[in-house]
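Each chain, letter by letter, is given below.
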Amino acid sequence: MSLNKNSLFFLTIIIFCTNISISQETPTMEQDSMSMQKLDEVVLTGESKVMSLSKKLFAVGVIDQKDIAKVAGNNLADILNYNLNITVTPDPSTGRSTISMFGLDGQYVKVLIDGIPMASDNGMGNNIDITQINLEDVERIEIVEGSMGVLYGDNAVAGVINIVTKRGPDGVYKWQIQLSAQEESVGSEYALFDKGRHIQNAKVSYQISDRTSVSIGGSRNDYAGFFNDFQGQNYVNIQDNAVVNDSLRGMEWNPKEQLTAYGNFNTRIGKHNLFYKIQYYDESVPVYNSFVNGRVDSNTGMVNPTALDENFDTQRTINNLNLTGPLKGPTIYNLSLSHQKQKRYYKQFVYNILQQGIESIIADDLSQSSEIWYSKGFVSNLVPKSSFFNLQLGYEFNHQTGFDAIATGEYSSDVVENTLENYDFFGVADFNLTDKFSLFPGARFTNNSQFGNKLIWSLSSTYDISNTFKIKAVFGSAFRAPNFEELFFYFVDSNHNVQGNPDLDPEDGISLFLNIEEKFRLSETGMLKTALKSYYFDIDGKIASVIDVDEQDRNLFTFDNVDRSRILGFSLENSLIMNRWQASLGMTYMGESTQIDASEDNNNDYLWSFNLQSSLGYTIPSINTTLSAQLKYTGRTQIVQSGTNGNVVGQTDDFTWMDASARTNITKNLSLTLGARNLFDIVRVNATDSPSGTHGSGGTPSRLFGNGRSYYLKLLYNLNFN
């Protein structure tokens with residue numbers, strides 16, 4: 001690994017630049033924002049100050065640049081872990097971290113970049129690995145809660161997370177140069193070369209004119225993995241010229257290296273705004289086999305240990321274009337175009353442990369490929385002269401081609417490329433029945449190449465009791481289309497027979513959201529915001545893994561519409577700003593009822609869980625410093641799952657996660673962030689619902705949630721000039 005050299009190089013540059021600017025005056029520290037706040041004009045990107053519909057209908061929370069900087073967040077997983085209604089679930093074997101929202105997994109949450117769905121391993125915008133989303137080029141993160149299928153298409157059942165890109169240099173300067181280096185331990189493990197987490201970022205922005213700006217940048221995140229009790233790639237136990245397989249080779253949490261490069265172009269042409277974003281992403285995840293082959297070299301008579309290791313390399317390119325402006329008077333259009341490609345390469349090879357190199361390559365294949373053409377357009381404020389009625393109309397088009405397969409063995413010749421297309425038309429009406437009460441009926445007609453025509457509908461309402469007391473309700477369909485993996489996955493060889501099901505139907509059901517919010521002005525600098533929320537989902541025909549028999553009488557592992565799921569939840573969220581203090585406290589109580597194979601009569605009582613979230617921040621203007629801490633208690637969760645003797649209830653025990661940090665402006669151009677993650681040293685949590693073979697000490701089933709208590713330091717140098 002050469003990352004440590006890059007870190008030292010970045011640190012040297014930052015320190016050198018600091019010496020140049022150390023004599024410049026230090027500005028007064030601005031008051032940090034709440035970690036979740038309301039924007040006065042928040043809507044999804046390209047719609048800000050253009051369309052207020054999303055803000056009218058849904059509760060929109062915002063995480064801004066200051067919130068990201070306080071915790072030295074590098075990717076989306078670093079930030080969303082603190083959200084009350086979002087749970088981040090890591091997979092140490094693949095390195096992926098996905099989310100669930102209001103009890104629904106990542107298949108029901110849509111992730112957008114500047115309003116455009118992001119390509120994932122098996123779909124468009126859903127089940128995203130949020131560790132792959134770099135935050136160095138992010139202006140803010142918008143979290144929209146509620147079923148949004150009419151506005152944002154299938155699978156936007158629990159909500160939408162939108163990543164908003166920075167548009168150009170900050171302030172009045174033409175040039176902005178940003179350099180940062182971050183060093184972080186992984187639990188107690190850290191070394192400049194082979195342990196810990198090492199991050200470098202660089203960005204240059206230029207304001208060409210008052211209408212046009214460009215920026216380019218790049219980021220490298222090298223996570224060296226979590227050893228815990230494992231001994232790494234080059235470990236082998238040899239006794240009496242024989243290999244002893246003690247299962248200590250490899251890592252508890254596999255390492256990965258992520259590279260991101262991007263460029264942005266933003267310009268105004270008359271009253272119209274054009275924004276173009278290009279991004280390249282590369283991720284490499286090696287997997288070290290714990291089993292060591294102890295063959296003997298026939299020439300020397302000495303044992304020559306090898307292992308069958310793997311590497312997964314994901315490459316993605318994004319080209320996004322947003323165009324917004326007026327059509328006529330206050331009638332506004334918004335047009336988005338995107339081309340995205342993602343490929344995942346799979347390599348399997350024999351690794352010689354003593355020689356520390358690849359001895360031979362067994363497989364070097366393209367295991368997943370996806371190419372997406374996407375377009376969305378809408379026109380809003382179509383009836384601008386009416387105070388009673390308004391209308392928004394739009395379309396959305398998605399064309400995806402590719403495959404998802406592990407192409408090994410005698411049956412792999414059946415792997416073929418598949419195509420999935422969507423043609424959608426949608427509309428939302430706005431009936432202002434009184435000055436305080438409005439209704440918003442909406443519908444989306446979707447035509448899918450795989451399952452035909454479907455209708456997504458919703459009825460939303462808002463009631464403003466006063467300027468500070470507001471009620472919002474959303475009632476609609478809970479529509480989720482099968483993803484590419486569920487339809488077309490293919491992994492067939494002499495030992496495996498796992499295939500998608502192209503005959504799957506979309507899941508459907510109903511969803512209900514209620515949000516009651518009031519703001520209390522405590523003083524000139526103090527405000528308390530309280531929100532009471534309730535939500536309900538009833539999803540029928542839920543897609544689940546099943547075992548069938550194929551034409552050759554072999555067991556076939558596939559997918560089918562067999563389950564039913566109901567979720568009922570209540571949450572109370574409070575946030576406070578008082579002088580230099582910022583605080584929040586929230587709690588949620590959620591029950592889930594799952595009926596496995598709805599054709600059978602089985603117990604489907606609600607299983608309840610309790611979560612709590614809190615944060616505290618304090619600003620010290622005299623030393624330009626902000627102190628902050630975040631705490632989240634995740635209560636015991638239970639799920640119904642199939643067992644050998646019928647359905648059983650599995651559970652994951654409760655645990656508490658806490659982070660703390662201090663951020664200070666050393667000079668006008670240089671800031672320093674020090675912090676600790678996972679203060680309570682969480683690594684594994686007992687979990688009887690974890691996959692078989694996942695065990696902690698003593699053989700107790702468990703789930704890996706963290707790397708243990710970690711510490712980090714980040715230096716950020718920001719130079720603005722004309």
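Computed from a predicted structure; not experimentally measured.

## Here's the deal with the overall build of the protein chain
Then comes step 1: On a plain count of helices and strands, the protein chain comes out with 6 helices and 37 strands.
Then comes step 2: Per-residue burial over the protein chain gives 53% buried out of 722 residues.
Then comes step 3: Only carbon and sulfur atoms are counted for the fraction: they give 56% of the accessible area of the protein chain, which is about 30,800 Å².

## Some points on a nonpolar patch on the surface
Then comes step 1: Judged by side-chain polarity, Tyr 423, Phe 425, Phe 445 and Leu 455 come together as a nonpolar surface patch covering roughly 420 Å² of accessible area.
Then comes step 2: Mapped onto the fold, Phe 445 is located in strand E20 (residues 437-448).

## Side note on a negative patch on the surface
Then comes step 1: A cluster of acidic residues, Asp 503, Asp 505, Asp 548 and Asp 560, forms a negative patch at the surface.
Then comes step 2: Along the polypeptide, Asp 560 turns up in strand E27 (residues 555-578).

## Points about the sheet that holds strand E1 (residues 59-64)
Backbone hydrogen bonds hold the strands of a sheet together, and the pairing may be parallel or antiparallel.
Then comes step 1: Spatially, the 5 strands line up as an open sheet ordered E1-E6-E7-E4-E5, and their pairing is mixed. The open sheet has two edge strands, E1 and strand E5 (116-117), and neither has a second partner.
Then comes step 2: Alignment of E1 against strand E6 (residues 138-145), held across 6 bridges, turns out to be antiparallel. Bridge pairing in E6 places Val 62 opposite Glu 142.

## A word on the pattern of salt bridges
Opposite charge on two side chains allows them to pair when their charged atoms are near.
Then comes step 1: Applying the stated rule across the entire model yields 23 salt bridges.
Then comes step 2: A salt bridge links Lys 203 to Asp 137; the shortest N-O distance between them is 3.0 Å. Here Asp 137 lies in the loop between E5 and E6 and Lys 203 lies in strand E9 (residues 197-207), a separation of 66 residues in the sequence. Across this residue pair, the class does not change: Lys 203 and Asp 137 are buried.
Then comes step 3: For Lys 470, the salt bridge is made with Asp 464, and the minimal N-O distance between the two is 3.7 Å.
Then comes step 4: On the basis of relative accessible area, Asp 464 is assigned to the partly exposed category, the value being 27%.
Then comes step 5: Here the salt bridges do not stand alone but share partners, grouping Asp 78, Glu 184, Arg 197 and Arg 677 into one network.

## Focus: the packing of aromatic side chains
Then comes step 1: In this structure the tally under the stated criterion is 19 aromatic pairs.
Then comes step 2: Ring plane angle 25° and centroid distance 6.1 Å describe the contact between Phe 513 and Tyr 535, whose orientation is recorded as stacked. Placement of the pair is Phe 513 in strand E25 (residues 508-523) and Tyr 535 in strand E26 (residues 526-549), with a sequence separation of 22 residues.
Then comes step 3: You can call Tyr 535 buried: its relative accessible area is 2%.
Then comes step 4: Ring geometry for Phe 610 and Tyr 633: centres 6.4 Å apart, planes at 45°, overall tilted. Taken as a pair, Phe 610 in strand E29 (residues 607-620) and Tyr 633 in strand E30 (residues 625-634) lie far apart in primary sequence, 23 residues in all.
Then comes step 5: Through a chain of ring-to-ring contacts, three or more aromatic side chains come together here, namely Phe 102, Phe 513, Tyr 535 and Phe 537.
Then comes step 6: The aromatic ring of Phe 275 is capped on one face by Arg 167, whose charged end is 3.7 Å from the ring centroid.
Then comes step 7: Note that Arg 480 overlies the ring of Tyr 108, its terminal NZ or CZ placed 5.2 Å from the centroid.

## Here we look at the pairing of strand E4 (residues 109-113)
Then comes step 1: Among the 5 residues that make up E4, 5 are buried, leaving the element largely enclosed by the rest of the structure.
Then comes step 2: On E4, burial covers both faces: Val 109, Val 111 and Ile 113 on one face and Lys 110 and Leu 112 on the other are all buried.
Then comes step 3: Inspection of the sheet shows E4 paired to strand E7 (residues 159-165) by 5 bridges, in the parallel sense. Following the sheet pairing, Val 111 is matched in E7 by Ile 161.
Then comes step 4: In the sheet, E4 pairs with E5 via 2 bridges, with the strands oriented antiparallel. Bridge pairing in E5 places Ile 113 opposite Ile 116.
Then comes step 5: Joining the antiparallel neighbours E4 and E5 is a turn of 2 residues, in which Asp 114 adopts a positive phi near 55°.

## Brief notes about the nonpolar core
Then comes step 1: Counting residues in each nonpolar core, the largest one holds 59 residues, and the members touching the most others are Leu 76, Leu 80, Ile 141, Ile 161 and Phe 537.
Then comes step 2: With 8 residues, the next largest nonpolar core counts Val 243, Val 292, Val 303 and Ala 307 among its residues.

## Observations regarding the side chain of Thr 131
Then comes step 1: On the secondary structure map, Thr 131 appears in the loop between E5 and E6.
Then comes step 2: Here Lys 256 takes part through its side chain, which lies 2.7 Å from a polar atom of the side chain of Thr 131.
Then comes step 3: Not counting residues within four places of it along the chain, the set of residues in contact with Thr 131 comprises Asn 75, Ala 77, Gly 95, Ser 97, Lys 256, Gln 258 and Glu 283.

## Brief notes about unusual backbone geometry
Then comes step 1: The phi dihedral of Gln 356 is positive, around 55°, even though this residue is not glycine.
Then comes step 2: The exposure class assigned to Gln 356 is exposed, which follows from its relative accessible area of 51%.
Then comes step 3: One non-glycine residue with positive phi stands out, namely Asn 624, at about 55°.
Then comes step 4: Its location among the elements puts Asn 624 in the loop between E29 and E30.

## Some thoughts on the pairing of E1
Then comes step 1: Burial analysis of E1 places 6 of its 6 residues in the buried class, which makes it a mostly covered element.
Then comes step 2: Covered by surrounding structure in E1 are Ala 59, Gly 61 and Ile 63 together with Val 60, Val 62 and Asp 64, the residues of both alternating faces.

## Examining the confidence of the model for the protein chain
Then comes step 1: In this model, the protein chain carries an average pLDDT of 86, and 87% of its residues clear a pLDDT of 70 or more.
Then comes step 2: Low pLDDT, under 50, characterises residues 8-52; the predicted model gives this stretch 129 contacts beyond four residues in sequence or across chains.
Then comes step 3: Below pLDDT 50 for its whole length, residues 407-413 participates in 15 contacts with residues either more than four positions away or in separate chains.

## Examining the environment of Phe 488
Then comes step 1: Mapping Phe 488 onto the fold places it in helix H6 (residues 484-488).
Then comes step 2: Taking C-alpha positions, Phe 488 is 8.4 Å from Ala 405, a pair spaced 83 residues apart along the chain.
Then comes step 3: Apart from residues no more than four positions distant in its own chain, Phe 488 is found in contact with Asp 404, Asn 418, Thr 419, Gln 450, Gly 500 and Pro 502.

## Observations concerning the environment of Gly 270
Then comes step 1: Relative to the assigned elements, Gly 270 resides in the loop between strand E13 (256-269) and strand E14 (272-287).
Then comes step 2: The spacing of Gly 270 and Arg 211 is 59 residues in sequence and 9.3 Å in space, taken between C-alpha atoms.

## A short note on the environment of Arg 521
Then comes step 1: Structurally, Arg 521 is set in strand E25.
Then comes step 2: Judged by its relative accessible area of 57%, Arg 521 is exposed.
Then comes step 3: Placed 53 residues apart in sequence, Arg 521 and Thr 468 show a C-alpha to C-alpha distance of 9.2 Å.

About the thresholds
Residues numbered from 1 in each chain as written. Predicted model: local features only at pLDDT ≥ 70, side-chain atom pairs only at ≥ 80, totals over all residues. Heavy atoms only, no water. Helix = DSSP H or I, 4+ residues; strand = E, 2+ residues; numbered from the N terminus. Buried < 20%, exposed > 50% of the residue type's maximum accessible area, 1.4 Å probe, protein only. Areas by Shrake-Rupley, 256 points an atom, 1.4 Å probe, with all protein chains shown as cover. Patch = residues over 30% accessible without salt bridge, like charges linked within 9 Å, V, L, I, M, F, W, Y side chains within 5 Å. Salt bridge = Lys/Arg side-chain N within 4 Å of Asp/Glu carboxyl O. Lys, Arg positive; Asp, Glu negative; His and termini not counted. Charge placed at Lys NZ, Arg CZ, Asp CG, Glu CD. Pairing = 2+ DSSP bridges. Phe/Tyr/Trp six-rings, centres within 6.5 Å; stacked < 30°, edge-to-face > 60°. Lys NZ or Arg CZ within 6 Å of the ring centre and 35° of its normal. Core = buried A, V, L, I, M, F, W, Y, C linked by side-chain atoms within 4.5 Å. Polar contact = N/O pair within 3.5 Å; in protein donor to acceptor, adjacent residues only side chain to side chain. Contact = heavy atoms within 4.5 Å. pLDDT = per-residue confidence, 0-100.

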